[in-house]
Protein chains: 2
Amino acid sequence: MASVETKERILDAAERLFAERGFAGTSLRSVTKAAGVNLAAIHYHFGAKEALLREVFARRAAPMNQERLRRLDELETAAQGRGVPLESILDAFLRPVMHLQRDLAAEGDVWGRLIGRVYSEPVDLVEAVLKDQFVEVSRRFMDALSRSLADMPPAEVHRRMQFVIGVLTHSLTGLHRRAGLPEYGGENVDSDDSFESMLAFLAAGFRAPLRSNGASVAEEMPVKEASEG
Amino acid sequence: MASVETKERILDAAERLFAERGFAGTSLRSVTKAAGVNLAAIHYHFGAKEALLREVFARRAAPMNQERLRRLDELETAAQGRGVPLESILDAFLRPVMHLQRDLAAEGDVWGRLIGRVYSEPVDLVEAVLKDQFVEVSRRFMDALSRSLADMPPAEVHRRMQFVIGVLTHSLTGLHRRAGLPEYGGENVDSDDSFESMLAFLAAGFRAPLRSNGASVAEEMPVKEASEG
DNA sequence: GTCTATAACGGGATAGAC
DNA sequence: GTCTATCCCGTTATAGAC
């Protein structure tokens, strides 16, 4: 009876601490302290630290990704094989994250920061904990994008999808709210305006034609006048 | 004499380990082992773990940011107050990172991964270690962008600049090379093609008009029929 | 299911010889 | 400048009482 409460209190506390300090930076003792439980309770319920992170993450990610796939299914059914519009695909990918982030933030939760942070944990940890949650979503959305953007090589679609994920995770960490420059306004990342802005940015970026292979990293930048070095 | 060598060996080893495992996940003992030096040598040369991170980061970031500012100066001089084109500003911001990343990667260095990772360290650490390196660059580029995009509110410019940073840092971590789906090609993030793709994506995204305030996060997504793309 | 107690180890930092 | 040795604390994980 109290076991369920205990388990959820541990999950809540761990979610917050992992989000704020990362995996290595969070001690199990700090979790027990924040949750008001005993150290042994964590090992009883989860077995080990890494398994705790796995459950913390899966608790939110699983329903979120189901919702993403549900929306994509709906779009593809409606499209009847004609290819789903890019904006709709991106919307189906991004909106469930934002919904969940917003709803949980209202309860004081920090899922948004966690998902952003977990992406930058050491690779081994990510593969052990996070990868399973995203394999299907990645494949399904990549396929949908490739069909929608038939002119774009799959490798390029994949690359641009990584840009989308970069924008998403960086926004979710909300780091710039404090690390950014205050004079330009501490806008909330999860506001509706911000989501619309993100969607417009990403859709336009995704559609950008590849430039006529002009400059390369090796060349200098295209400054006309001023000399350079 | 050997002191300089020792100090640089420590910096090199610490750069690699911080990049791979993060700050909290890296022990000073692991650094000494990788560098082949004594534990006390780190405290002699740097004083404390956080100061070591600061020096590791500043060693690369300082010249990189000077180069960014030099390029921006050049552009603004050439523009004679007429406003620098968006693409050139983004180029000046992004290319020095890519140059440095590519040059160091050729020596087996991992600066790219470090800069990507450091951005996702706990906020307090970022403010203590990283913020100083970027205050001037942020202000200068924000000003240039706001002048170039005179129609866009500064808060929106700031928001979109965060999107740029999200794409940049996520690309630099190179995480998707392993966590992504292998069948779509393990493209190198630092290839010239990838840089051109990023620049085209970001410039187009930055120019995207704000949508006519149609949907909001609270509303449902805009599935009409199945029409167009 | 929850507790106390402790094992077994690794962490950052420092003193002081050389 | 570089070393050894050590302090002192925190870490994960487990054993076993209740």
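Residues numbered from 1 in each chain as written. Chains lettered and ligands numbered in written order. Predicted model: local features only at pLDDT ≥ 70, side-chain atom pairs only at ≥ 80, totals over all residues. Heavy atoms only, no water.

Colleague: Run through the packing of aromatic side chains, naming residues and quoting values.
Modeller: Two aromatic rings are characterised by how far apart their centres lie and by the angle between their planes. Under the definition given, this model contains 14 aromatic pairs over all chains. Arranged with centres 6.1 Å apart and planes meeting at 50°, the rings of Y119(B) and F134(B) form a pair that is tilted. Taken together, the residues Y119(B) in the loop between α6 (111–118) and α7 (123–129) and F134(B) in helix α8 (residues 131–148) connect sequence positions 15 residues apart. Considered together, Y119(B) and F134(B) belong to a single accessibility category, that of buried residues. One aromatic cluster in this structure is built from F57(A), W111(A), Y119(A) and F134(A). (Phe/Tyr/Trp six-rings, centres within 6.5 Å; stacked < 30°, edge-to-face > 60°. Helix = DSSP H or I, 4+ residues; strand = E, 2+ residues; numbered from the N terminus. Buried < 20%, exposed > 50% of the residue type's maximum accessible area, 1.4 Å probe, protein only.)

Colleague: Can you explain the protein's contact with DNA strand C? Please cite residues and give values.
Modeller: Surrounding DNA strand C, one finds 15 residues, the nearest of these being N38(A), H45(A), S27(B), L28(B) and R29(B). For DNA strand C, the backbone portion of the atoms within 4 Å of the protein, that is sugar and phosphate, comes to 57%. In this structure, H45(A) approaches DNA strand C through a side-chain N or O atom, which is 2.9 Å from a phosphate oxygen. A distance of 3.3 Å separates a phosphate oxygen of DNA strand C from a polar backbone atom of K49(B). (Near = heavy atom within 4 Å. Polar contact = N/O pair within 3.5 Å; in protein donor to acceptor, adjacent residues only side chain to side chain.)

Colleague: Describe the protein's contact with DNA strand D, naming the residues involved and giving the relevant values.
Modeller: Taken together, 15 residues lie around DNA strand D, and L28(A), R29(A), N38(B), A40(B) and H45(B) are the ones closest in. Atoms of DNA strand D within 4 Å of the protein: sugar and phosphate make up 57%, bases the balance. Between DNA strand D and the protein, one listed contact pairs a phosphate oxygen with a side-chain N or O atom of T6(B) at 3.2 Å. Separating a phosphate oxygen of DNA strand D from a side-chain N or O atom of H45(B) is a distance of 2.8 Å. Residue classes in the surface near DNA strand D are distributed as six nonpolar, seven polar and two charged. (Nonpolar A, V, L, I, M, F, W, Y, C, P; charged D, E, K, R; others polar.)

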